Every structure is written in structure tokens, then in C-alpha cells.
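The residues making up each chain are set out below.
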Amino acid sequence: MKILDDLKSKRISIEELSKEDLSRILNTKSKDIIDLMNLASLKKENNDITYSKNVFIPVTEICKNDCGYCNFKKSPEDKGAIILKKPEEILHTLSESEKYGCKEALFAFGEDADEEKVVKEELKKLGYTKMIDYTYDFCKSTLEETNLLPHTNCGNLSYNDMKKLKEVNVSMGLMLESSSKRLMKTIAHEKSPGKSPKHRIETITNAGKLKIPYTTGILIGIGEKKEEIVDSLLTIKKLHEKYAHIQEIIIQNFTPTPGIEMENYPEPSLMDMVRTVSLAKLLFDNVSIQVPPNLNYDSAQIFLLSGADDWGGVSPLTDDYVNASSPWPTLDYLNELTVDCGNVLKERLAVYEKYINPDYLSPLTLDKTQKLQNELNKT
């Protein structure tokens, strides 16, 4: 493919390519795929493949969205549904995770759960009216009573709410998933107002304005077109170029599971994932590209050869509640996969080292984070 030849010879840069050119890369065929993977892999700064040892705590599984591919959301009537975890439950799980050396406390929520009556009632019992205030307090307790660093992912948030949570979080996250408005009229997002690209972009923008180290990404295989993948990646790139706050981009593949609306929809092909991971690596400088290993047990290594350099959060204690049918690989297995590709597995924190400074971290989080990073650097 001429575009790849021109990139390889440096006759052009990735920034000079049009959206149409980038879409052609996502349609790469045959031996050109190998060239694409090699170009992406050459962008890696070193042989390190990072991961964060975390504990995954679903604070509530109640959510206003009803995505066609979701198996996280529960209804209040569902047996075992998490309406709202209590402070003592959260602290107990955090304490257990310390025995495994976990350093990241990943708090996940259904979006705008406190708009639901059952959640309001549980919050009221604890003395709260809003989820944001409750979240602030248990994140603060996490900092004060454990050796873990909070990372909160609770959907779209206002500027003021994000500003508040920044005080007690070292990083936050929200998947863009797709910048396509068209998908809001499909089975994927038609019952999910919170997945509006406008709202999601506004939240990621506010994180940039507030200098919050941020994780975002896209979801592949939910009915998007190649041109929409390109637009989604360029949307994230534009935000990062303006604010420099995106620390990692997740390229996540849709996986059909029984019981979801899209259970009979096909998952994206391996080549679609390879092309997308490779293009993401080519588009971004100094931003990690992550592919969830538990969603790609048999193909995880090929993404390391396509420019991916991060496995994301992996928990030795808790499940991946967003992908409940896909258990985490063990760290020993991840290490085997990584070393077999000629790389080195390296633990990182929930916040990347370049963001560990007063510009990005609050006084409540900075000293503790610096201490943990220094300990990691010694290992």
C-alpha cells in the first residue's frame, strides 16, 4: 500500500493523511497488514509492557443507560444486584486487596444511578443525597486508610463534580466508545442517553481543563463504520493535543455474551482489531495503547506486535464486572505472553509517572503517589 510505503520512508507523516487515507489503512489487506503492524510496533519507545495491579469495586450496578452490548447494568429486581456498596464493604475489599499488593482502587458505577429511587434511598441511609459526595468521601477514606490510589469511572460528570473528585483521585476515566451520532439510533445506544458523543466529549474536555490524568478509548464491533472509527480516534487526538491529559487509550472489542440484546451479533475480526490498534499507535505520541487481555486470551500477543504497550488494570482478587464472563489472566500468564514477544512486563500505577507532579495531582494524592512510584522504580 502506497500510504504505508510513504509513512515508512517518511515521505509523509501520519498528520498529513486525510480521513479518507486513514480509512484506507483500516481496510488494509494481505501482506500490507504486516507492514502496518511493523510501523506501529516501531513507534514503541522501549520493550516495556505495563499493567496496573488493581481491585475492581462496582459501587452500584444501577444505570440509566441500557446499551445493547452491556452485561454490567442490573435492575433493582435482579437477584444479587449491587444497589449501593456500603463504606464498610468497600473498605473490607480494599483491605483484602492490599494482601495481594494491589495499588489501584478502580471504582465503577452505573451512570446517574442516584437518579433512581432505590439508590436515593440507600444514599439517604448513609447521610447523602448525591453520589458524587459519597464517592468523594470513600475515595478520601481510601487514601487515608489504605495503600491504594483511587481511579473513578462513573460516566458523564459536570465540571464541578470532576473538580471535586480530582482532589481524591489520581486519575479518572470514561470511554468515548464512538463519536458517531448515528449509533445513537441503533441497538447499541438507542436506549442510552449518556452515550451521546456530545456529552462524552464534554466530559473528556472538562478533564483536560482540570488537568486530570485520563483514560478513554473506543469500542469496536458495535455497528460502527471504518470512517467512524477514524473520526473517533481523531476526536480523542484533538482533545489530547489541546490538553495533553490522555494517558492511555483502550481499544476494546465487543464480545457477545448470553442475555444481552446483541448476543447474536458478531464480534469484530482479529484483523479489524489489529488494524485499529496499529492505527491508534501511529496516531498518538506518548500515549499508551491498551487492549484488554481478558477479552483476547488467544490473540493477546498479536496486539503487542501491533503497537499495544499496556495490558490495563488486572486484578488478582476481583472480577472484571464490566465483562463478567471474561476472567482476568493471571500475572504469571501475562508475563509469559509478554516475555515470549521479547518484552518486559512492568507494573505501573493508576496514574502514569509523567503526570505525578503538582500540575496534575492534588495535595491529597501527590505525596502518597510519589512514594508508591519510588517503590516501583526500585523493583
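Residues numbered from 1 in each chain as written. Predicted model: local features only at pLDDT ≥ 70, side-chain atom pairs only at ≥ 80, totals over all residues. Heavy atoms only, no water.

Explain the overall build of the protein chain to me, please; I cannot follow it from the model alone.
Helix and strand counts for the protein chain come out as 13 helices and nine strands. Its C-alpha atoms give the protein chain principal-axis dimensions of roughly 65 × 50 × 35 Å. Going through the 379 residues of the protein chain one by one, you find that 58% of them count as buried. Counting only contacts in the protein chain whose residues sit at least 6 apart along the sequence, the fraction spanning at least 24 positions is 75%. Summing over all exposed atoms, the protein chain offers an accessible surface of approximately 16,700 Å²; the carbon and sulfur share of this is 49%. (Helix = DSSP H or I, 4+ residues; strand = E, 2+ residues; numbered from the N terminus. Buried < 20%, exposed > 50% of the residue type's maximum accessible area, 1.4 Å probe, protein only. Contact = heavy atoms within 4.5 Å. Areas by Shrake-Rupley, 256 points an atom, 1.4 Å probe, with all protein chains shown as cover.)

So what exactly am I meant to see when it comes to the nonpolar core here?
The biggest cluster of nonpolar side chains holds 87 residues, and the ones touching the most others in it are Ile25, Phe107, Tyr134, Tyr214, Leu233, Ile251 and Leu279. Once you skip the residues sitting within four places of it in the chain, leucine 233 turns out to touch Ile218, Ile251, Leu279, Ala280, Leu283 and Phe284. Counting residues in hydrophobic clusters, the runner-up holds 13 residues, among them Ile49, Leu304, Val314 and Leu345. (Core = buried A, V, L, I, M, F, W, Y, C linked by side-chain atoms within 4.5 Å.)

Can you walk me through the pattern of salt bridges in this structure?
Taken as a whole and assessed by the stated rule, the structure comprises 27 salt bridges. Glutamate 122 is the partner of lysine 86 in a salt bridge, and the nearest nitrogen-oxygen pair spans 3.2 Å. Pair noted here: lysine 86 is in the loop between strand E1 (48-60) and helix H4 (87-98) and glutamate 122 is in helix H5 (residues 117-125), with a separation of 36 residues, a long-range link. Since its relative accessible area comes to 24%, lysine 86 is described here as partly exposed. With a shortest N-O distance of 2.9 Å, lysine 195 and glutamate 177 are connected by a salt bridge. (Salt bridge = Lys/Arg side-chain N within 4 Å of Asp/Glu carboxyl O.)

Before we go on, may I ask you to explain H4 in this structure?
Helical periodicity: at 3.6 residues per turn, an α-helix aligns residues three or four positions apart in one direction. For H4, with 12 residues, the first-to-last C-alpha span of 17 Å sits near the 16 Å given by 1.5 Å per residue. Contacts made by the buried residues of H4 are with E1, strand E2 (104-109) and helix H6 (131-145). (Expected span 1.5 Å × (residues − 1).)

What am I meant to see in the pairing of E1 here?
Most of E1 sits out of view: 12 of its 13 residues are buried. Relative to strand E9 (residues 344-348), E1 runs parallel, the two being bridged by five bridges. Its bridge partner lying in E9, tyrosine 51 is registered against glutamate 347. Direction of pairing for E1 relative to strand E8 (residues 310-314): parallel, over a ladder of three bridges. (Pairing = 2+ DSSP bridges.)

So what exactly am I meant to see when it comes to the packing of aromatic side chains here?
In this description, an aromatic ring pair is defined by two values, namely the gap between the centres and the angle between the planes. Scanning all chains against the criterion turns up six aromatic pairs. Relative to phenylalanine 138, the ring of phenylalanine 109 has its centre 6.4 Å away and its plane inclined at 15°; by these criteria the two rings are stacked. Remark: phenylalanine 138 occurs in helix H6 and phenylalanine 109 occurs in strand E2; sequence separation between them is 29 residues. Accessibility expressed as a relative area gives 6% for phenylalanine 138, which makes it buried. (Phe/Tyr/Trp six-rings, centres within 6.5 Å; stacked < 30°, edge-to-face > 60°.)

Explain the side chain of serine 192 to me, please; I cannot follow it from the model alone.
With respect to the secondary-structure elements, serine 192 resides in the loop between strand E4 (171-173) and helix H8 (197-209). For serine 192, a relative accessible area of 0% puts it in the buried group. At 3.2 Å, the side chain of serine 192 and the backbone nitrogen of cysteine 67 are in polar contact. Those residues in contact with serine 192 that lie beyond four places of it in its chain are Asn65, Asp66, Cys67 and Met184. (Polar contact = N/O pair within 3.5 Å; in protein donor to acceptor, adjacent residues only side chain to side chain.)

Quick question: what am I supposed to make of the environment of proline 150 here?
With respect to the secondary-structure elements, proline 150 resides in strand E3 (residues 149-153). We classify proline 150 as buried; its relative accessible area is 0%. For proline 150 and tyrosine 333, which are 183 residues apart along the polypeptide, the C-alpha to C-alpha distance reads 26 Å. In this view, proline 150 contacts Ala105, Phe107, Cys139, Thr142, Leu143, Val168, Asn169, Val170 and Ser171; residues no more than four positions away in its chain are not counted.

Where do I start with unusual backbone geometry in this structure?
Glycine aside, a negative phi is what most residues show, and trans is what most peptide bonds show. Of note in the backbone geometry, lysine 10 takes a positive phi value of approximately 65° without being a glycine. Mapped onto the elements, lysine 10 comes out in the loop between helix H1 (2-8) and helix H2 (19-25). Residue serine 30 is not a glycine yet carries a positive backbone phi of 55°. Examined against the element boundaries, serine 30 turns out to sit in the loop between H2 and helix H3 (32-41).

For this particular structure, what's the right way to read the state of the cysteines?
Note: disulfide means a covalent bond formed between the sulfur atoms of two cysteine side chains. Per the counting criterion, the structure on display carries zero disulfides. A disulfide-free cysteine, cysteine 63 has its sulfur positioned 6.7 Å from the sulfur of cysteine 70, the nearest such atom. For cysteine 63, a relative accessible area of 13% gives the class buried. (Disulfide = S-S within 2.5 Å.)

Even after reading the chapter, I still don't get H8, so can you show me in this structure?
Taking 1.5 Å of rise per residue, 13 residues should cover 18 Å, and H8 covers 18 Å from first to last C-alpha, within 8% of that figure. For H8, the complete set of buried residues consists of Pro197, Arg200, Thr203, Ile204, Thr205, Asn206, Ala207 and Gly208. Once H8 finishes, lysine 211 follows within two positions and takes phi at roughly 55°, a positive value.

What's the story with the packing of helix H9 (residues 226-243) against helix H10 (residues 270-283) in this structure? I'm lost.
With their axes 11 Å apart at the nearest point, H9 and H10 run at an angle of 30° to one another. For the element pair H9 / H10, the angle class is roughly parallel. The hand of the H9/H10 crossing is right-handed. On H10, the residues that touch Lys226, Ile229, Val230, Leu233, Leu234 and Lys237 of H9 are Asp272, Thr276, Leu279, Ala280 and Leu283. Of the residues in the contact of H9 with H10, the class split is seven nonpolar, one polar and three charged. (Axes fitted to C-alpha atoms, helices over the stretch in contact; angles between N-to-C directions. Parallel < 35°, antiparallel > 145°, perpendicular 65-115°, else oblique. Left-handed = near helix turned anticlockwise from the far one by under 90°. Nonpolar A, V, L, I, M, F, W, Y, C, P; charged D, E, K, R; others polar.)

I would appreciate a short explanation of the packing of H3 against H10 in the present structure.
Packed helices, taken two at a time, are described by the angle between their axes plus the distance between the axes. Where H3 meets H10, the closest approach of the two axes is 8 Å, and the angle between their N-to-C directions is 35°. For the pair H3 and H10, the sense of crossing is left-handed. Contacts from Ile33, Leu36, Met37, Leu39 and Ala40 of H3 reach H10 at Met271, Val274, Arg275, Ser278, Lys281 and Leu282. By residue class, the composition of the contact of H3 with H10 is eight nonpolar, one polar and two charged.

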